[in-house]
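Commentary on secondary and tertiary structure
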Amino acid sequence: MKRILVLTSGGDCSGMNAYLKALAKLCKKNGIKLFASMYGFQGLVENSITSFEYDDLGEIQNLGGSVIKTSRSKDFVTQKGFEQALANLKSWNFDCVVVVGGNGSTKGAYDLSIAGVNVLAVPATIDNDLAYTDTTLGYDTACQNALDAVVKIKQTMETCDRGTIIEVMGRHCSDIAVHTAILADADMIITKQKSFESILKRVDDLINFEKKNPLIVVQENILNVNELAKYLEEHTKKEFRATVIGYLQRGGAPTVNDNLLAIQFATKTVELIESAVYNVAVGEIDGKIIATKLKEAIITKQYSKKLLEIFAKYSNTPID
Ligand code: F6P
């Protein structure tokens with residue numbers, strides 16, 4: 001009987017639990033014994049490993065977060081911690097370790113593979129910042145969560161005749177910002193450093209010529225949205241309010257798309273395990289589930305070209 005270990009790592013996202021449930025179901029069906037490392041790579045360092053059974057899981061596929069917890073392990077990235085993790089793994093004699101997470105986690109999976117561990121990686125991050133795959137678990141849900149929040153905020157701002165600035169997550173990838181802004185019909189999308197003066201110029205045009213209450217969507221890590229709101233309020237005759245949506249984007253039940261993707265990723269994972277193909281990352285390109293060498297899967301992206309192409313044909317909203 002094959003013995004497989006799964007862990008979730010980094011920023012959690014909706015779809016992790018759906019993936020875990022699907023993996024457990026398929027392992028049961030295929031006679032594979034499944035274990036989980038608690039708190040991601042930290043569980044490898046601390047030998048916090050437990051068996052993980054489909055029959056114990058309940059309805060977790062519709063829950064956000066991860067029932068086996070996650071962390072950004074500081075110990076695993078030290079030589080001592082890494083060696084401890086390797087020693088613990090050796091004692092368990094797993095056929096493969098399945099790492100579910102974003103770019104840092106995929107890099108951790110790659111490091112384990114270099115050290116001789118059989119590894120599979122599954123992309124799960126709201127940021128959608130892994131270059132080898134069109135999409136990641138949690139990204140669709142995060143976009144839906146961000147859009148829902150923007151729509152609600154827009155209603156009250158329109159009623160009060162205010163300008164609106166909304167910061168969304170994505171770390172260094174603009175996909176959530178672009179997706180959300182276009183679907184919410186925003187007037188500006190800011191994904192790069194820009195002076196407040198140049199933003200004011202566009203906002204002035206919107207207010208003076210289109211008589212609008214401008215809606216500006218800003219990618220995180222770019223500028224201080226509260227300072228921008230203050231600046232625009234001081235330099236226009238309009239009130240401005242800023243909202244940082246934050247962790248609201250990361251929680252909640254996964255969308256139907258994320259739930260389905262979780263099942264497809266789990267199915268591919270088990271197919272790879274059954275054929276003993278290791279050291280690859282599962283992903284999706286043009287609707288097809290694929291597997292890419294781990295070395296190529298650790299490359300990140302700052303935006304999805306396909307997404308920008310879709311919106312370029314549709315929207316005039318400038319992406320700055
Ligand atoms: O990587 C997912 C993410 O939610 C990013 O969008 C965000 O920048 C970061 O994690 C927040 O990290 P933390 O949970 O450590 O505050």
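Residues numbered from 1 in each chain as written. Predicted model: local features only at pLDDT ≥ 70, side-chain atom pairs only at ≥ 80, totals over all residues. Heavy atoms only, no water.

**Describing the pairing of strand E8 (residues 215–219)**
Put simply, side chains in a regular strand alternate between the two faces of the sheet. When you tally the buried positions in E8, you get 5 out of 5 residues, the bulk of the element. The two faces of E8 match: Leu215, Val217 and Gln219 on one face and Ile216 and Val218 on the other face are all buried. As judged from the 3 bridges shared by strand E7 (residues 188–190) and E8, these two strands associate in the parallel manner. Bridging from a neighbouring strand, Ile189 pairs with Val217 of E8. Considered for its hand, the β-α-β crossover made up of E7, helix H7 (residues 196–210) and E8 is right-handed. (Buried < 20%, exposed > 50% of the residue type's maximum accessible area, 1.4 Å probe, protein only. Helix = DSSP H or I, 4+ residues; strand = E, 2+ residues; numbered from the N terminus. Pairing = 2+ DSSP bridges. Right-handed = clockwise from strand over helix to strand, strands pointing away.)

**Some remarks on the environment of Val256**
Relative to the helices and strands, Val256 is located in helix H9 (residues 256–274). Note: C-alpha distance between Val256 and Gly15 (241 residues apart in sequence) is 9.7 Å.

**Considering the state of the cysteines**
Counted according to the given criterion, the structure contains 0 disulfides. Residue Cys13 stays outside any disulfide, its sulfur separated by 12 Å from that of Cys143, the closest cysteine. The thiol of Cys143 is not disulfide-bonded; the next cysteine sulfur, from Cys173, is found 9.7 Å away. (Disulfide = S-S within 2.5 Å.)

**Section: the packing of helix H6 (residues 175–183) against helix H11 (residues 305–312)**
Across the interface, H6 lies against H11 with an axial gap of 10 Å and an inter-helix angle of 20°. Here H11 runs roughly parallel to H6, going by the angle between their axes. Judged by the sense of rotation from one axis to the other, the crossing of H6 with H11 is left-handed. Of the residues in H11, those touching H6 at Asp175, Val178, His179, Ile182 and Leu183 are Leu307, Leu308 and Phe311. Residues of the contact of H6 with H11, tallied by class, amount to 6 nonpolar, 1 polar and 1 charged. (Axes fitted to C-alpha atoms, helices over the stretch in contact; angles between N-to-C directions. Parallel < 35°, antiparallel > 145°, perpendicular 65-115°, else oblique. Left-handed = near helix turned anticlockwise from the far one by under 90°. Contact = heavy atoms within 4.5 Å. Nonpolar A, V, L, I, M, F, W, Y, C, P; charged D, E, K, R; others polar.)

**So, the site of the ligand**
Neighbouring the ligand are the residues Arg72, Ile126, Asp127, Met169, Gly170, Arg171, Glu220, Tyr247 and Arg250. Here an oxygen atom of the ligand and a side-chain polar atom of Arg72 are 2.9 Å apart. One nitrogen or oxygen atom from the side chain of Arg250 is found 2.9 Å from an oxygen atom belonging to the ligand. Contact with the protein chains covers 77% of the free accessible surface of the ligand, which is 400 Å². With respect to the pocket detection grid, the ligand is positioned in the largest pocket. (Near = heavy atom within 4 Å. Polar contact = N/O pair within 3.5 Å; in protein donor to acceptor, adjacent residues only side chain to side chain. Areas by Shrake-Rupley, 256 points an atom, 1.4 Å probe, with all protein chains shown as cover. 1 Å grid on protein atoms, 1.4 Å probe; cavity = no way out; pocket = protein on both sides within 12 Å on 5 of 7 lines; lining within 4 Å. Sits in = over half its atoms within 2 Å of the grid points.)

**A closer look at the layout of surface pockets**
Approximately 500 Å³ is the volume found for the largest pocket. If you trace the largest pocket, you find 30 residues lining it, with Gly10, Gly11, Arg72, Gly104 and Arg171 closest to the centre. Among the residues forming the lining of the largest pocket, the class breakdown is 8 nonpolar, 13 polar and 9 charged. When residues are assigned to domains, the lining of the largest pocket turns out to be shared by domain 1 (3–138 + 254–301) and domain 2 (141–250), each giving three or more. Size it by volume and the second largest pocket reaches roughly 340 Å³. Along its surface, the second largest pocket is lined by 19 residues, and Asn128, Asp134, Ser304, Lys306 and Leu307 are the ones closest to its centre. Mapped by element, the contributors of at least two residues to the lining of the second largest pocket are helix H5 (139–159), H6 and H11. Counting residues per element, the lining of the second largest pocket draws most heavily on H11, which supplies 4 residues. (Points joined across faces, edges and corners; volume = space filled by probe spheres on them. Domains from an automatic or database assignment.)

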